[in-house]
Structures are given as structure tokens and as C-alpha cells.
Amino acid sequence: MKVKTILVSQPEPKIENSPYFDLIEKQKVKIDFRPFIHVEGVSAKEIRQQKVDLNNYTAIILTSRNAIDHFFRVAEEMRFKVPDSMKYFCQSEAVAFYLQKYVVYRKRKIYVGKRSFSELMPLIKKYKDEKFLLPNTDKVKDEVPDTLNALGVDWKQAIFYKTVISDLSDLADVVYDILVFFSPSGIDSLFHNFPDFQQKDTRIAVFGNTTIKAVEERGLRVDIAAPTPETPSMTMALDKYIEKINKGK
């Protein structure tokens, strides 16, 4: 069956040169974007109940844009003026760049990893005497606490925001040729909204091994997987699949 419609379980890209828009133009397919999960902030009161006093920390570990947004939101709610001496350990350049939304970059102590959490560890190890706060989500990979504990640093993790399943009831009667998923939470959302979901002719595209595992555990079929050496991005994987199916190549 040819591919005409695709649902991507993420928000629509805000940049005009997104490869998804190139894919629409090249393959003449319709792509809809709909977040299957979304983030909700935890109140300052709930954070206090986690025994977090922002005055006690000299360094913040930031793993995502969400972590940045919600740390500064909570600081404002608590009327906590973030000191200029605060050190920021950012998991990647993209996270560090986003930090400029809240601080004057050149005037702050900002340390940047390469991409993965483990690559940030040598920097944290250099500053073992700091007191670290990790503002995070309620869904944390085991790698994060395990790695910090192994370093033997003084740190605390606190839930500043939660991943919540979105209401997709308006999609009940809509059928797409391909559904695209990027996390196990997206699969959980699919079955929360549609407990009787049956794949039938719908193709499922997934990004990452944990997502593949979540799909297969639900008894579904993975038709398109990324990243691979040939297709390191989801759009490249979709492009290759559509080219083959629609044009019989």
C-alpha cells in the first residue's frame, strides 16, 4: 500500500527548513504533527515537599530545555534570586545555548558536555566539591542516578516537571498510513487513548532501541526503524521507505 498520510507524535517543527517539510514536498505526502505526550510543571509547593531548598545548591545539572524552563519557573515562584556564582552543567551545546534565554551567557560559569549524559561526567568530576541539583522529569533513565552516584558527588534529584499523556480522542476515527514514535511514552499514550488499537495495514516508524522494544512488547510490528548507518534520522528513514513503496524502487 502506498503512503499518503503520516502522523508524527511530536509538535510541529517551528523552523522553516525542517527536513519534514522537505519530505512533504519531495514525496507529496500529508504529514500531521500531534504530541502524544506533553510536559506539565510541578508546583513550588510540591518541590518543597521533596525537601528541596534552592539556597543549598551551588551547581545545576541541566539535561534538556524543559529542565531549564522549569528550574527558572520554580526559582521565580519561590522568589529565589539565582546567584551569579551558580555553575551550570549542560548536557549538550543545544541545552547550553538555550540557557541564554535566562542568563547572560558570557557572565556565567557554564560547562558543556558533548551529547550524552556520561560525556558530562569528566566536567562534573572536576568540581566534585560543589552541591549539585538535578531538576528533572518523573521519567529518568537509570543511567543518570547511577552515573552520579558512581562519581561520589553531593547531588540531589528533584521532579520539576512531569510527562503527561495527551488527550487524542479526536483522532479516534482518523487513519494514517504511518505512525511515527520517538519514545516508549508515545506508545503508552497510544494505548491509553485507544486500548483496542490494532495495527492492521498501518505502518509504524520508531526512533531508538527502547522505542522499538516498547512497540514489540505491545505485539505491534516495526516497519521503519531509525537511526541506522544508512538512515541516521527519522526523516531519512521515512524518505527511503516511501521511495521504495510509492515508486516501487
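Residues numbered from 1 in each chain as written. Predicted model: local features only at pLDDT ≥ 70, side-chain atom pairs only at ≥ 80, totals over all residues. Heavy atoms only, no water.

With that settled, the discussion passes to the overall build of the chain. Looking only at helices and strands, the chain features nine helices and eleven strands. Its C-alpha atoms give the chain principal-axis dimensions of about 60 × 35 × 35 Å. Of all intrachain contacts in the chain linking residues separated by at least 6 positions in sequence, the fraction that spans at least 24 positions is 67%. Of the accessible surface of the chain, which amounts to about 14,200 Å², a share of 49% is contributed by carbon and sulfur atoms. The centroid of the 39 positive side-chain charges in the chain is displaced by 4 Å from the centroid of its 34 negative side-chain charges. (Helix = DSSP H or I, 4+ residues; strand = E, 2+ residues; numbered from the N terminus. Contact = heavy atoms within 4.5 Å. Areas by Shrake-Rupley, 256 points an atom, 1.4 Å probe, with all protein chains shown as cover. Lys, Arg positive; Asp, Glu negative; His and termini not counted. Charge placed at Lys NZ, Arg CZ, Asp CG, Glu CD.)

The next thing to look at is unusual backbone geometry. Alanine 226 connects to proline 227 through a cis peptide bond whose omega is -5°. Topologically, proline 227 is positioned in the loop between β11 (224–226) and α9 (234–247). Of note in the backbone geometry, lysine 200 takes a positive phi value of approximately 50° without being a glycine. Take lysine 200: it is sitting in the loop between α7 (184–193) and β10 (203–207). Exposure remark for lysine 200: the relative accessible area of 63% places this residue in the exposed category. (Buried < 20%, exposed > 50% of the residue type's maximum accessible area, 1.4 Å probe, protein only.)

Leftover empty space is mapped by rolling, across the atoms, a probe with the size of a water molecule. In this structure, the largest pocket encloses a volume near 2,800 Å³. Surrounding the largest pocket, 49 residues form its lining, Gln10, Ser64, Asn66, Phe182 and Ser183 being those nearest its centre. The element that contributes the greatest number of residues to the lining of the largest pocket is α7, accounting for four residues. Across the lining of the largest pocket, the residue classes break down as 19 nonpolar, 21 polar and nine charged. Counted as a void, the second largest pocket has a volume near 420 Å³. The wall of the second largest pocket is formed by 20 residues, among which Val174, Val175, Tyr176, Phe197 and Thr202 lie closest to the centre. (1 Å grid on protein atoms, 1.4 Å probe; cavity = no way out; pocket = protein on both sides within 12 Å on 5 of 7 lines; lining within 4 Å. Points joined across faces, edges and corners; volume = space filled by probe spheres on them. Nonpolar A, V, L, I, M, F, W, Y, C, P; charged D, E, K, R; others polar.)

On strand β9 (residues 178–181), burial covers both faces: Ile178 and Val180 on one face and Leu179 and Phe181 on the other are all buried. Pairing of strand β1 (residues 5–8) with β9, which is carried by three bridges, proceeds in the parallel orientation. From the neighbouring strand, isoleucine 6 faces β9, where its bridge partner is isoleucine 178. (Pairing = 2+ DSSP bridges.)

One open sheet holds the five strands; their spatial order is β2-β1-β9-β10-β11, and the pairing between them is parallel. In this open sheet, the two strands that pair with only one neighbour each are β2 (30–33) and β11. Geometrically, the sheet is characterised by an average inter-axis angle of 15° between neighbouring strands, direction not taken into account. Sheet analysis places β1 next to β2, joined by four bridges and oriented parallel. Considered in β2, the bridge of threonine 5 is made with lysine 30. Of the strands in this sheet, β9, β10 and β11 are in contact with helix α8 (residues 209–217), which crosses β10 at around 145°. (Axes fitted to C-alpha atoms, helices over the stretch in contact; angles between N-to-C directions.)

Moving on to the sheet that holds strand β3 (residues 37–41). Strand order in the open sheet formed by six strands is β3-β8-β7-β4-β5-β6, with mixed pairing between adjacent strands. Bordering the open sheet on either side are β3 and β6 (109–112), each of which pairs with just one other strand. Geometrically, the sheet is characterised by an average inter-axis angle of 25° between neighbouring strands, direction not taken into account. Pairing between β3 and strand β8 (residues 154–165): five bridges, direction antiparallel.

The next point concerns α8. The complete set of buried residues in α8 reads Thr211, Ile212, Ala214 and Val215. Viewed along the axis of α8, the buried residues span an arc of 160°, placing them on a single side of the element. Turned more than 90 degrees off the buried face of α8, the exposed positions are Asn209, Thr210, Lys213, Glu216 and Glu217. On the buried face of α8, the contacting elements are β9, α7, β10 and β11. (Arc of directions from axis to C-beta.)

When two helices pack together, their arrangement is given by the angle between the helix axes and the distance between those axes. Between helix α1 (residues 19–27) and α9, the shortest axis-to-axis distance is 10 Å and the interhelical angle comes to 10°. Taken together, the axes of α1 and α9 lie roughly parallel to each other. Residue-level contacts link Pro19, Tyr20, Leu23, Lys26 and Gln27 of α1 to Met234, Thr235, Leu238, Asp239, Ile242, Glu243 and Lys247 of α9. Looking at the contact of α1 with α9, its residues break down into six nonpolar, two polar and four charged. (Parallel < 35°, antiparallel > 145°, perpendicular 65-115°, else oblique.)

Keep in mind that these numbers describe shape and distance, not what the molecule does.
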